[in-house]
Amino acid sequence: MDEAQGRIEFREIDEHGNSLEHHLGAVEVAQRRAAVNPFIIGLWVLELGLVIAIMVIINEAMTPFTPSPGNTMPFPYILMNMTPQLLQAAALILATLLFWHAWQWQKRKAQK
């Protein structure tokens, strides 16, 4: 009974039947290349574009409206009307990206 509970050893042998030495500390760990998610990169580019657009809109809104020919609305007025939606979209995308990065960080930390 004691022999059945003894230590079992596994050895790898070469084609001639000789046992191969294994060093547990020298096991090579495959380098994991960080995969870049193209959708997240696209969201960061969109966020940057929205922030720049909002800055341009606010800059245009600070300049006085120039009279336009006919009954058309001035372009800065149209841009200023779009600002609340753009601000909301920028804030939503930024919050989404921050939650995504936090989730990825927590997932990586749990794997270690």
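Note that the coordinates shown come from a computational prediction; the quantities given were computed from them, not determined experimentally.

**Q** Which residues make up the overall build of the protein chain, and what values go with them?
**A** A count of helices and strands for the protein chain gives two helices and zero strands. For the protein chain, buried positions account for 12% of its 112 residues. Taking the contacts inside the protein chain whose residues are at least 6 apart along the sequence as the reference set, 57% of them involve residues at least 24 apart. A total accessible area of about 10500 Å² is found for the protein chain, and carbon and sulfur atoms account for 64% of it.

**Q** Describe the nonpolar core, listing the residues and the values that go with them.
**A** Generally speaking, nonpolar side chains in soluble globular proteins are found buried as a group. Grouped together as the largest cluster of nonpolar side chains are nine residues: Ile40, Leu50, Ile54, Ile57, Leu79, Leu86, Ala90, Ile93 and Leu97. Of all the secondary structure elements, the ones that give two or more residues to this core are α1 (38–62) and α2 (75–111). It is α2 that contributes the most residues to this core, five residues altogether. With residues up to four places along the chain from it excluded, the contact list for Leu86 reads Leu50, Ile54 and Ile57.

**Q** An account of α1 is needed here, citing residue identities and associated values.
**A** Here α1 is 25 residues long and its end C-alpha atoms lie 36 Å apart, about the 36 Å a rise of 1.5 Å per residue gives. Taken as a whole, α1 has its buried residues at Ile40, Glu47, Leu50, Ile54 and Ile57. Those residues of α1 hidden inside the fold are in contact with α2.

**Q** Which residues make up the environment of Tyr77, and what values go with them?
**A** Mapping Tyr77 onto the fold places it in helix α2. Tyr77 gets classed as partly exposed once you look at its relative accessible area, which sits at 36%. Linking Tyr77 and Ala61, residues 16 residues apart in sequence, is a C-alpha distance of 7.2 Å.

**Q** If you had to explain a positive patch on the surface to someone new, which residues and values would you point to?
**A** Taken together, Lys107, Arg108, Lys109 and Lys112 make up a surface patch of like positive charges. Along the chain, Lys112 turns up in the segment after α2. Here Lys112 falls in the exposed class, since its relative accessible area comes to 86%.

**Q** Run through the UniProt feature "transmembrane region" (unreviewed entry) in the protein chain, naming residues and quoting values.
**A** Mapped onto this numbering, the UniProt entry gives "transmembrane region" (unreviewed entry) at residues 39–58 and 78–103. Structurally, residues 39–58 is divided into 100% helix and 0% strand, and its ends, taken at the C-alpha atoms, are 28 Å apart. Across residues 78–103, helical content stands at 100% and strand content at 0%; the span's end C-alpha atoms are separated by 38 Å.

**Q** With reference to specific residues and values, describe the packing of α1 against α2.
**A** Running from amino to carboxyl end, α1 crosses α2 at an angle of 150°, the nearest separation of the two axes being 8 Å. In terms of orientation, α1 and α2 fall into the roughly antiparallel class. Along this stretch, α1 crosses α2, giving a crossing that reads as left-handed. Of the residues contributing to the contact of α1 with α2, the split by class is 19 nonpolar, two polar and two charged.

**Q** So what's going on with the environment of Ala61? Residues and values would help.
**A** Mapped onto the elements, Ala61 comes out in helix α1. When the C-alpha positions of Ala61 and Leu79 are compared, they lie 8.0 Å apart, and in sequence the two are 18 residues distant.

Criteria and thresholds
Residues numbered from 1 in each chain as written. Predicted model: local features only at pLDDT ≥ 70, side-chain atom pairs only at ≥ 80, totals over all residues. Heavy atoms only, no water. Helix = DSSP H or I, 4+ residues; strand = E, 2+ residues; numbered from the N terminus. Buried < 20%, exposed > 50% of the residue type's maximum accessible area, 1.4 Å probe, protein only. Contact = heavy atoms within 4.5 Å. Areas by Shrake-Rupley, 256 points an atom, 1.4 Å probe, with all protein chains shown as cover. Core = buried A, V, L, I, M, F, W, Y, C linked by side-chain atoms within 4.5 Å. Expected span 1.5 Å × (residues − 1). Patch = residues over 30% accessible without salt bridge, like charges linked within 9 Å, V, L, I, M, F, W, Y side chains within 5 Å. Salt bridge = Lys/Arg side-chain N within 4 Å of Asp/Glu carboxyl O. Lys, Arg positive; Asp, Glu negative; His and termini not counted. Charge placed at Lys NZ, Arg CZ, Asp CG, Glu CD. UniProt positions renumbered as here; feature names shortened; annotations may be inferred. Axes fitted to C-alpha atoms, helices over the stretch in contact; angles between N-to-C directions. Parallel < 35°, antiparallel > 145°, perpendicular 65-115°, else oblique. Left-handed = near helix turned anticlockwise from the far one by under 90°. Nonpolar A, V, L, I, M, F, W, Y, C, P; charged D, E, K, R; others polar.

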